[in-house]
Amino acid sequence: MQSGTAAVSMRDIVKAFGPVVANDKVDLDIFSGEILALLGENGSGKTTLMNILSGIYYPDAGHVSVNGREVSIRSPKDVYDLGIGMVHQHFKLVDVLTAAENIILGMPGEGNLDMKAVGRKILDICALYGFSVDPGQKVYDMSVSQKQTVEIVKVLYRGAKILILDEPTAVLTPQETEKLFRVLRNMKNDGKAIVLITHKLHEVEEISDRVAVLRRGKNAGELVTKNTDAAEMTNMMVGRAVTLNIARPEPKDPKPRIVVDRLTLRDEEGIIKLNEVSFTAYSGEVLGIAGISGCGQKELLETIAGLHPLKSGSVTYIKPETGEKIDMAGLDPREIFSLGVMLSFVPEDRLGMGLVGNMDLTNNMMLRSFRRGKSVFTDRKTPRNLARSVVDELSVNTPGLTTPVRRLSGGNVQKVLVGREISSSPTVLMTAYAVRGLDINSSYTIYDLINQQKEKGVAVIFVGEDLDVLLELCDRILVLCGGRVSGIVAGRGADKNEVGLMMTKHGKETTHESDA
Amino acid sequence: MAQVLSLLQAAIVFGTVILFGAVGEILTEKSGNLNLGVPGIMYLGGIAGLGGAFLYETSVAAPVPLVGLIIALFCALLASVLAGFIYSFLTITLRANQNVTGLTLTIFGSGVANFLGGAMNKMAGGVGQISVSATSSAYRATFPFLSEVGVLSSLGFMTYLAIVLAFIMSWFLRKTRKGLNLRAVGENPATADAAGISVTKYKYLSTCVGAAVTGLGGLYYVMDYIKGTWANDGGIEKLGWLAVALVIFARWKPRHAIWGSYLFGVLFWLYFYIGGLTRSSQELFKMLPYIVTILVLIVVSMRRKHENQPPASLGQPYFREDR
């Protein structure tokens, strides 16, 4: 470990959002000439901590010193003045401007722009660290990796000595990642302090000098990379299993319900989101899907629901009554429904994809039923009764059936959505982060609902982020990593560390070893 | 030949009104504010200029044209900046809907202007009686060395001012740091905010200055186009909407608005120089500027070039917390 003053030292940082404490007395030291990996599960407080350092949040308590001097960071502008630069996961670039224009945006200086001089300075920075940027290129013409390079040059141009990169490799190909790592090493040798927020253990092992681990908003420990291994890091990251006591009835008479075979999906930019995903979901069982966020969970559910056109692979539904096989490839949600596939989907984005925030409970219930019936007028009575029964049965806390759903709290919104979805007596129920943002009681209500459906013989696919919950609720757990299935384990008796490792490491055959 | 010359002159005078409107509106829209109050601001600028000049000319025995010019200019700028400020306060600070606010401003401006115009006509002795001949003559005075040059022989100084303003605007947007910051605000206010640019300040300033330029169009219309009189015939409103169309036609580039405005002028007056048109077939020809705008929109949409698109955040309010 380094001696001397830390470039940045954070002490006893506390930040709470309402009742949720995102950072609870966190300490962190960042040294010049070092690459520090900040590791932790989703919701462990990594990004919050770095957002405090980059002026987006103001801490409730604690001290931050830069080069031994205590500072108060109140806005992104203060941060630049302190020589700190953050590269966010979602780029902050203006599409129609050039790289150079984006880089100098908002900087003080002469009124007249001398873009040639700016371009020269950019090329100097590029030459120093081994980037390649065309200052005159428009951002809309750039690949994701080029945009990221512009973001990094932007903070360097402003004289940053401390760089924070929030999951920089999440959007990069392995080759681009290699290139980025070479640049990061050059910057480290130049005496810059670099913080890398990441989930990927093999990258931590490859690039970092030191690892700081956060767990549930607290310091879990610090390791020197060369003296540790992935198992120890995982251990520190996930901690000991907590017993939650969620009921888990044995599956009754499981039969294949949905067969997914070698499903591959690319997004609009051609980046692989799902890579040869194959699995079978059985009736009467809860299939959990675990993975770091953005590893293809959302895309997987959306593809099954018919929201993405299928390019390769197949999704087959097996009708419970007849055993008839229905190929769902290329069908949209309406066609899937009209074939008699009773699919329910509780999406991650409740008020965006699931419900209409400005409409009341009754109208939201109608979203599933407005096409029924022959009359030109919609039937409002059935949905109103349905809304009333959902409110009564799931004890939704609402002033009335005519309240716009956006006024309800997160847990109640989720109950309305789940209530509507299970009211159509589905044979397949897919939920994405069903308990995100819910308190303990609401969470248990949702688990109970899922178990009820399971006992009715529904095939439940449960995408979750809390490993403890997945391990207690699910009969089997499919682990996704970077769009690939890195394994399917039985929920009973599964080892948390083992699952954690699978989440952060690709399967054996896909691990790319670096030659650098 | 004489006919072509007279068509060009009419086109330039016509074009100058909408060029002011378009240049002002381009500046406003570059900050992400879609101000549909252009006709209303022109009305307010025009009536304020006329009112100032009218009060001056009726209160002194021998009005000095230059003084009338300055008073009218000052009143017009003040009124239009005020209109821009009202729009800014509603849409930026109170985050009211931009379309509704703009349209309301147009209705408000035309109502106020036509009411005051009618009142002043009455004070001057009856319908069509108002005249600010001294001030108007100052606005219509030609440069002595240009009076022999065919097309330019009858053009007042504001014709040239409009072109100069368009070029300054073009230079400002493309070549200055503040112009770059402004474009960033209109394209992606969250990014601009994160880069330390005051989104609110840029939006306010560009909307108010844009309104001032737009208001000059109304002043020019009153002082030069209808020669220092007033008519409640909706003439300004018609030109105001053409200015909005011209912004789209010019694809938010002030230098393209210059030739675009004269082209609109030629297309608009064409009917006058084509023989044998009836009253109704004239109206068909008057549609030409709008048809050309629609064609430009179609072509631009089909080519889908990023540079030809409106500012990305046009019409959307900005909340910092809304990220």
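Nothing here was measured: the structure is a model prediction, and the numbers come from that model.

**Q** Describe the confidence of the model for chain B, and please don't skip the residues or the numbers.
**A** In the predicted model, chain B carries a mean pLDDT of 90, and 98% of its residues have values of at least 70. Interface confidence for the predicted complex, given as ipTM, is 0.85, next to a pTM of 0.76.

**Q** Break down the sheet that holds strand E15 (residues 325–327) of chain A for me, citing the residues and quoting the values.
**A** Residues and elements named next belong to chain A. A sheet is described by the order of its strands in space; here four strands give the open sequence E12-E11-E14-E15, paired in antiparallel fashion. Both outer strands of the open sheet, strand E12 (272–282) and E15, are each paired with one neighbouring strand and no more. Pairs of neighbouring strands in the sheet enclose a mean axial angle of 20 degrees, with direction left out of account. Pairing analysis gives five bridges linking strand E11 (residues 256–266) to strand E14 (residues 312–318), with the strands arranged antiparallel.

**Q** Run through helix H13 (residues 381–393) of chain A, naming residues and quoting values.
**A** All names here are of chain A. Along its 13 residues, H13 runs 18 Å from first to last C-alpha, staying within 8% of the 18 Å computed at 1.5 Å per residue. Listed in full, the buried residues belonging to H13 are Pro383, Ala387, Val390 and Val391. Down the axis of H13, the smallest arc covering the buried residues is 95 degrees, so these residues share one side. Summarising the geometry of H13, the exposed residues directed more than 90 degrees from the buried face are Lys381, Asp392 and Glu393.

**Q** Account for a nonpolar patch on the surface, naming residues and giving values.
**A** Residues and elements named next belong to chain B. Together, Leu284, Met287, Ile291, Ile294, Leu295, Ile298 and Met302 line one region of the surface with nonpolar side chains, adding up to about 690 Å² of accessible area. The element best represented in the nonpolar patch is helix H13 (residues 288–303), accounting for five residues. Checked against the element boundaries, Met302 lands in helix H13. The exposure class of Met302 is exposed, given its relative accessible area of 67%.

**Q** Give a detailed account of the interface of chain A and chain B, specifying residues and quantitative values.
**A** Contacts between the two partners involve 21 residues from chain A, matched on the other side by 17 residues from chain B. Across the chain A/chain B interface, buried area totals approximately 1,900 Å², and carbon plus sulfur atoms make up 59% of it. Contact with chain B buries surface across chain A, with A:Lys92, A:Leu105 and A:Leu113 losing the most and accounting together for 29% of the total. Measuring nitrogen to oxygen at the nearest pair gives 2.6 Å for the salt bridge that ties A:Lys138 to B:Glu307. The interface formed by chain A and chain B holds nine residue pairs in polar contact (both at pLDDT 80 or more) in total.

**Q** Go over the packing of helix H7 (residues 177–187) of chain B against helix H9 (residues 199–225) of chain B with me, naming the residues and quoting the values.
**A** All names here are of chain B. Viewed as axis vectors pointing N to C, H7 and H9 meet at an angle of 100 degrees, and their least axial separation amounts to 10 Å. With respect to H9, the element H7 is oriented roughly perpendicular. In contact with Lys178, Asn181, Leu182 and Val185 of H7, H9 contributes Val199, Tyr202, Lys203 and Ser206.

**Q** Run through helix H10 (residues 235–249) of chain B, naming residues and quoting values.
**A** Residue and element names in this part refer to chain B. Over its 15 residues, H10 extends 21 Å from the first C-alpha to the last, a length consistent with the 21 Å expected when each residue adds 1.5 Å. Across the 15 residues of H10, 11 count as buried, placing the element largely inside the fold. Looking at H10, one finds that the buried residues are Gly235, Ile236, Leu239, Gly240, Leu242, Ala243, Val244, Ala245, Leu246, Val247 and Phe249. The inward-facing, buried residues of H10 abut helix H1 (2–30), helix H2 (38–59), H9, helix H11 (254–273) and H13.

**Q** Pulling in residues and values, what's your account of the sheet that holds strand E16 (residues 343–346) of chain A?
**A** Residues and elements named next belong to chain A. Taking strand neighbours across the sheet as the criterion, the six strands line up as E16-E17-E18-E13-E19-E20 in an open arrangement whose pairing is mixed. In the strand order of this sheet, the two ends are held by E16 and strand E20 (484–490), each with one partner. The mean angle between the axes of side-by-side strands here comes to 15 degrees, regardless of whether they run parallel or antiparallel. In the sheet, E16 pairs with strand E17 (residues 428–432) via four bridges, with the strands oriented parallel. Directly across from Leu343, in E17, lies its bridge partner Val428. Helix-sheet contacts for helix H17 (residues 496–504) involve strand E13 (286–290), strand E19 (476–481) and E20, and the interaxial angle to E19 is about 30 degrees.

**Q** Outline empty space enclosed by the protein, supporting the account with residue identities and numerical values.
**A** All chains considered together, the criterion is met by four cavities of 30 Å³ or more. The volume enclosed by the largest cavity comes to roughly 240 Å³. The wall of the largest cavity is formed by 18 residues, among which A:Pro76, A:Tyr80, A:Met86, A:His88 and B:Ala194 lie closest to the centre. When residues of the lining of the largest cavity are traced back to their parent elements, those giving at least two are helix H2 (76–81), strand E6 (84–87) and helix H5 (144–157) of chain A together with helix H8 (189–194) of chain B. A breakdown of the residues in the lining of the largest cavity according to their chemical character gives 10 nonpolar, four polar and four charged. Its volume calculated, the second largest cavity comes out at about 50 Å³.

**Q** Can you tell me about the environment of A:Tyr157, naming the residues and giving the values?
**A** Residues and elements named next belong to chain A. Within the fold, Tyr157 resides in helix H5. The class of Tyr157 is buried, set by a relative accessible area of 10%. Separated by 53 residues in sequence, Tyr157 and Ile104 have C-alpha atoms that sit 8.0 Å apart. For Tyr157, the residues in contact, after removing those within four places along its chain, are Ile103, Ile104, Met107, Val118, Lys121, Ile122 and Ile125.

**Q** Mind laying out the packing of H2(B) against helix H4 (residues 98–123) of chain B, listing which residues take part and the relevant values?
**A** Residue and element names in this part refer to chain B. Axis separation between H2 and H4 bottoms out at 7 Å; the angle between their running directions is 25 degrees. Of the possible angle classes, the one that applies to H2 and H4 is roughly parallel. Handedness of the H2/H4 crossing: left-handed. Counted together, Val38, Pro39, Gly40, Ile41, Tyr43, Leu44, Ile47, Leu50, Gly51 and Phe54 of H2 and Leu105, Thr106, Phe108, Gly109, Ser110, Val112, Ala113, Asn114, Leu116, Gly117, Met120 and Met123 of H4 form the full contact between these two elements. Each residue belonging to the contact of H2 with H4 can be placed in one class, and the counts come to 15 nonpolar, seven polar and no charged.

**Q** Mind laying out the packing of aromatic side chains, listing which residues take part and the relevant values?
**A** Using the criterion set out here, one finds 18 aromatic pairs over all chains in the structure. An angle of 75 degrees between the planes, with centres 5.4 Å apart, marks the rings of A:Tyr444 and A:Tyr447 as edge-to-face. Here A:Tyr447 and A:Tyr444 lie together in helix H15 (residues 440–455), a separation of three residues that amounts to about one turn. The class of A:Tyr444 is partly exposed, set by a relative accessible area of 24%. Residue A:Tyr447 is classed as buried on the basis of its relative accessible area, which comes to 4%. Here B:Phe268 and B:Tyr271 contribute two aromatic rings whose centre-to-centre distance is 6.5 Å and whose plane-to-plane angle is 85 degrees, an arrangement assigned as edge-to-face. With a gap of three residues between them, B:Phe268 and B:Tyr271 both fall in helix H11, about one helical turn apart. You'll find B:Phe268 and B:Tyr271 in the same group, each marked buried. Clustering of aromatic rings is evident, with ring pairs tying together B:Phe14, B:Tyr221, B:Tyr225, B:Phe268, B:Trp269, B:Tyr271, B:Phe272 and B:Tyr273. One residue, A:Lys121, lies across the ring of A:Tyr157, its end atom 4.3 Å from the ring centre.

**Q** Residue-level account of the nonpolar core, with values.
**A** Membership of the largest hydrophobic core comes to 121 residues, with the highest contact counts inside it found for A:Ile122, A:Phe131, A:Ile152, A:Leu184, A:Met187 and B:Trp230. In terms of residue count, H1(B) provides more of this core than any other element does, 13 residues in total. Not counting residues within four places of it along the chain, the set of residues in contact with B:Trp230 comprises B:Tyr43, B:Ile47, B:Leu50, B:Ala113, B:Asn114, B:Gly117, B:Gly118, B:Asn121, B:Ile130, B:Val222 and B:Ile236. A:Ile246, A:Leu300, A:Leu467 and A:Met503 belong to the second-largest nonpolar core, a separate cluster that totals 78 residues.

Analysis parameters
- Residue positions within a chain follow its written sequence, with the count starting from 1.
- Throughout, the order in which chains and ligands are written sets their labels, letters from A for the former and numbers from 1 for the latter.
- Only residues with pLDDT of at least 70 are given local features in this predicted model, and only at 80 or more are side-chain atom pairs given and counted; all residues enter the totals for whole chains, interfaces and linings.
- Water and hydrogen atoms were dropped before computing side-chain values, which therefore reflect all heavy atoms in the structure.
- Per-residue confidence from the predictor is reported as pLDDT, which spans 0 to 100.
- Two strands make a pair as long as DSSP finds a minimum of two bridges between them.
- Numbering of helices and strands runs from the N terminus, with a helix taken as a DSSP run of H or I at least four residues long and a strand as a DSSP run of E at least two residues long.
- Angular values range over 0 to 180 degrees, each being the angle between N-to-C directions of two axes fitted as lines to C-alpha atoms, with helices fitted over their stretch in contact.
- The span expected for a helix works out to 1.5 Å for each residue beyond the first.
- Remark: exposure states derive from per-residue accessible area (1.4 Å probe, protein chains only) relative to the maximum for the residue type, with buried under 20%, exposed over 50%, and partly exposed in between.
- Regarding the arc, it is the one traced by the directions from the helix axis to the C-beta atoms.
- Note that patches include only residues with greater than 30% relative accessible area and no salt bridge, and the join distances are 9 Å for like charges and 5 Å for nonpolar side chains (Val, Leu, Ile, Met, Phe, Trp, Tyr).
- The accessible surface values rely on the Shrake-Rupley method and a 1.4 Å probe; as for residues, cover is taken only from the protein chains in view.
- In the sections that follow, a salt bridge refers to a side-chain nitrogen of Lys or Arg positioned within 4 Å of a carboxyl oxygen of Asp or Glu.
- Residue contacts are counted whenever heavy atoms from the two residues lie within 4.5 Å of one another.
- Defined in terms of a 1.4 Å probe, buried area is the accessible area two parts forfeit on being brought together, summed over both.
- We define a polar contact as two N or O atoms separated by no more than 3.5 Å, with the added condition that, inside protein, one atom must be a possible hydrogen donor and the other a possible acceptor, whereas residues neighbouring each other in sequence contribute only through side-chain atom pairs.
- Working rule for angles: under 35 degrees goes down as roughly parallel, over 145 as roughly antiparallel, 65 to 115 as roughly perpendicular, anything else as oblique.
- Cavity: a set of points on a 1 Å grid over the protein atoms alone where a 1.4 Å probe fits but cannot get out. Pocket: an open set with protein on both sides within 12 Å along at least five of seven lines, its lining residues, like those of a cavity, having an atom within 4 Å of a point.
- Grid points are joined across faces, edges and corners, and a volume is the space filled by probe spheres set on the points.
- Just so you know the grouping, Ala, Val, Leu, Ile, Met, Phe, Trp, Tyr, Cys and Pro go in nonpolar, Asp, Glu, Lys and Arg go in charged, and all remaining residues, Gly too, go in polar.
- Two helices cross in a left-handed way if the nearer one is turned anticlockwise from the farther one by less than a right angle. They cross in a right-handed way if the turn is clockwise.
- Pairs were defined over the aromatic rings of Phe, Tyr and Trp, the Trp ring being its six-membered one, requiring ring centres within 6.5 Å. Orientation was assigned from the angle between planes: stacked under 30 degrees, edge-to-face over 60, tilted for the rest.
- In our convention, an over-ring charge means Lys NZ or Arg CZ found within 6 Å of a ring centre and within 35 degrees of that ring's normal.
- The term nonpolar core refers to a set of buried residues drawn from Ala, Val, Leu, Ile, Met, Phe, Trp, Tyr and Cys, joined through side-chain atoms within 4.5 Å.

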